[in-house]
Amino acid sequence: MSLQIESKQNGVSVVTAGQLAKDITILSVVAAQSVVLIQVKANGVSQTNGSPGLFTAQITSSTNIYIERAVTGGWSCEIYWQVIEFSSDVS
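Quick caveat, the model's predicted, so the values are computed rather than measured.

**Student:** Tell me about the side chain of E78, and please be specific about residues and values.
**Tutor:** In this fold, E78 is placed in strand 6 (residues 77-86). For E78, which is buried and forms no salt bridge, the nearest opposite charge comes from K41, at a distance of 4.1 Å. Beyond its immediate sequence surroundings of up to four residues, E78 is in contact with V12, S13, V14, Q39, V40, K41 and N43.

**Student:** Tell me what's going on with the sheet that holds strand 6, and back it up with residues and numbers.
**Tutor:** Strand order across the open sheet formed by three strands is 1-6-3, with antiparallel pairing between neighbours. This sheet does not close on itself; its edge strands, each paired only once, are strand 1 (5-15) and strand 3 (34-42). Averaged over all pairs of adjacent strands, the angle between strand axes in this sheet comes to 15 degrees, irrespective of strand direction. Bridge count between strand 1 and strand 6: 10 bridges; the pairing is antiparallel. Residue pairing in the sheet places K8 in a bridge with I84 of strand 6.

Definitions and cut-offs
Residues numbered from 1 in each chain as written. Predicted model: local features only at pLDDT ≥ 70, side-chain atom pairs only at ≥ 80, totals over all residues. Heavy atoms only, no water. Helix = DSSP H or I, 4+ residues; strand = E, 2+ residues; numbered from the N terminus. Buried < 20%, exposed > 50% of the residue type's maximum accessible area, 1.4 Å probe, protein only. Lys, Arg positive; Asp, Glu negative; His and termini not counted. Salt bridge = Lys/Arg side-chain N within 4 Å of Asp/Glu carboxyl O. Contact = heavy atoms within 4.5 Å. Pairing = 2+ DSSP bridges. Axes fitted to C-alpha atoms, helices over the stretch in contact; angles between N-to-C directions.

Honestly, it's all geometry; don't read function into it.
Put into structure tokens, the structure is as follows:
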């Protein structure tokens, strides 16, 4: 069985220094048929001063993704996100 892509959407959102979580509104998708991918770009982070921390993302409703930072503090980060909706359930 091969999965076919029904829709794709993407964007960028800023998580400020000290902010632990953020909700992002998206166009409606079927959550069970969708995945969210993120890439993090930290502002002010170099190889000598550390990492922005671990982020996770999940689709919490048909129109929302939730981004969460694993640790407090850190730098302001740009979160590049992409939601891909497939023609059938993904697991």
